[in-house]
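Residue strings, one per chain:
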Amino acid sequence: MLTVAVLISGAGSNLRALLDAADDPDYPARIVAVGADREADGLAHAEAYGIPTFMVPYAGFDSREAWGTELDEQLRVWRPDLVVLSGLMRLLPPAVVEAWAPRIVNTHPAYLPEFPGAHGVRDALAAGATQTGASVILVDDGVDSGPILAQERVPVLPGDDEHHLHERIKPVERRLLIDVVRRVATGDLDLVAASASASRTL
Ligand code: GAR
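Residues numbered from 1 in each chain as written. Predicted model: local features only at pLDDT ≥ 70, side-chain atom pairs only at ≥ 80, totals over all residues. Heavy atoms only, no water.

Student: Whenever I open this one, the site of the ligand confuses me. Can you help?
Tutor: The local shell around the ligand holds 15 residues, among which Gly12, Ser13, His166, Lys170 and Glu173 are the closest. Contact distances for the ligand include 2.8 Å between an oxygen atom and a side-chain N or O atom of Lys170. The separation between an oxygen atom of the ligand and a polar side-chain atom of Glu173 is 2.4 Å. When contributions to the shell around the ligand are tallied by element, the ones reaching two or more residues are helix H1 (13-22), strand S5 (104-108) and helix H6 (162-186). For the shell around the ligand, the element with the highest residue contribution is H6, accounting for three residues. Residues of the shell around the ligand, tallied by class, amount to three nonpolar, nine polar and three charged. (Near = heavy atom within 4 Å. Polar contact = N/O pair within 3.5 Å; in protein donor to acceptor, adjacent residues only side chain to side chain. Helix = DSSP H or I, 4+ residues; strand = E, 2+ residues; numbered from the N terminus. Nonpolar A, V, L, I, M, F, W, Y, C, P; charged D, E, K, R; others polar.)

Structure below.
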């Protein structure tokens, strides 16, 4: 059974989908802890499942590195096999990436390498894209630049605004994330091999 820690910053709707999936006895992964960099609403989803939560407030540290050191220590308590960034809106310091790579994945609401960064949905709309997408990637030292583990296109519809487009992307993200975690758990997806590859869909 693969053990997973999830890090969030916000509503945690993708986290909730993963919690629901992991509640199925046939699903090969279990969520052992959920952490956040702020008082994220999504922590309540973990609490509803009786899963331990922790908070390492970014605002409480002098530097990103100091915050990352504490985050790393909190993660180590739970000894997860895999760390999932599910809407964590912070760049991890390199030391934390190094500590967990390649066992750390991120979800992103765009078809990477298109529209990386904190505003993937907004940037796709601003660029006038007719399609965008959802991606699950390995975390590396860059901004959404790690090898792509899974991705799928989502069309941009006439009249789409950021909220509506994001709400259509999220169900795709959830499906991809649940599938990636399952494939890691069953051994179908080898993260060591993926990390050695260039950015391409495996
Ligand atoms: C998700 O769409 C996730 O991909 C995005 O934040 C949202 C979190 O939603 N992450 C990023 O944009 C990271 N660059 P949720 O809190 O409802 O799951």
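Student: Looking at this structure, I do not really get the packing of H1 against H6. What am I missing?
Tutor: Packed helices, taken two at a time, are described by the angle between their axes plus the distance between the axes. At a minimum axis distance of 9 Å, the contact between H1 and H6 shows a crossing angle of 45°. Judged by the angle between their axes, H1 and H6 are oblique. The two elements H1 and H6 meet at a crossing, and its hand is right-handed. Of the residues in H6, those in contact with Ser13, Asn14, Ala17, Leu18 and Ala21 of H1 are Lys170, Glu173, Arg174, Leu177, Ile178 and Val181. (Axes fitted to C-alpha atoms, helices over the stretch in contact; angles between N-to-C directions. Parallel < 35°, antiparallel > 145°, perpendicular 65-115°, else oblique. Left-handed = near helix turned anticlockwise from the far one by under 90°. Contact = heavy atoms within 4.5 Å.)

Student: I keep staring at a negative patch on the surface and nothing clicks. Help me out?
Tutor: Together, Asp20, Asp23, Asp24 and Asp26 make up a region of like negative charge exposed at the surface. Relative to the elements of secondary structure, Asp26 occurs in the loop between H1 and strand S2 (29-36). (Patch = residues over 30% accessible without salt bridge, like charges linked within 9 Å, V, L, I, M, F, W, Y side chains within 5 Å. Areas by Shrake-Rupley, 256 points an atom, 1.4 Å probe, with all protein chains shown as cover. Salt bridge = Lys/Arg side-chain N within 4 Å of Asp/Glu carboxyl O. Lys, Arg positive; Asp, Glu negative; His and termini not counted. Charge placed at Lys NZ, Arg CZ, Asp CG, Glu CD.)

Student: Honestly, the packing of aromatic side chains in this entry has me stumped. Any pointers?
Tutor: Geometrically, a pair of aromatic rings is defined through the distance of the ring centres and the angle of the planes. This structure, assessed with the given rule, holds one aromatic pair. Between Tyr58 and Trp67, the aromatic rings sit 5.1 Å apart at their centres with planes inclined by 70°, giving edge-to-face as the arrangement. Trp67 sits in the buried class, given a relative accessible area of 0%. A cation sits over an aromatic face here: Arg90 above Tyr58, 3.8 Å from the ring centre. Lying across the ring of Tyr111, Arg153 places its NZ or CZ 3.9 Å from the centre. (Phe/Tyr/Trp six-rings, centres within 6.5 Å; stacked < 30°, edge-to-face > 60°. Buried < 20%, exposed > 50% of the residue type's maximum accessible area, 1.4 Å probe, protein only. Lys NZ or Arg CZ within 6 Å of the ring centre and 35° of its normal.)

None of the figures reported here should be taken as evidence of function without further support.
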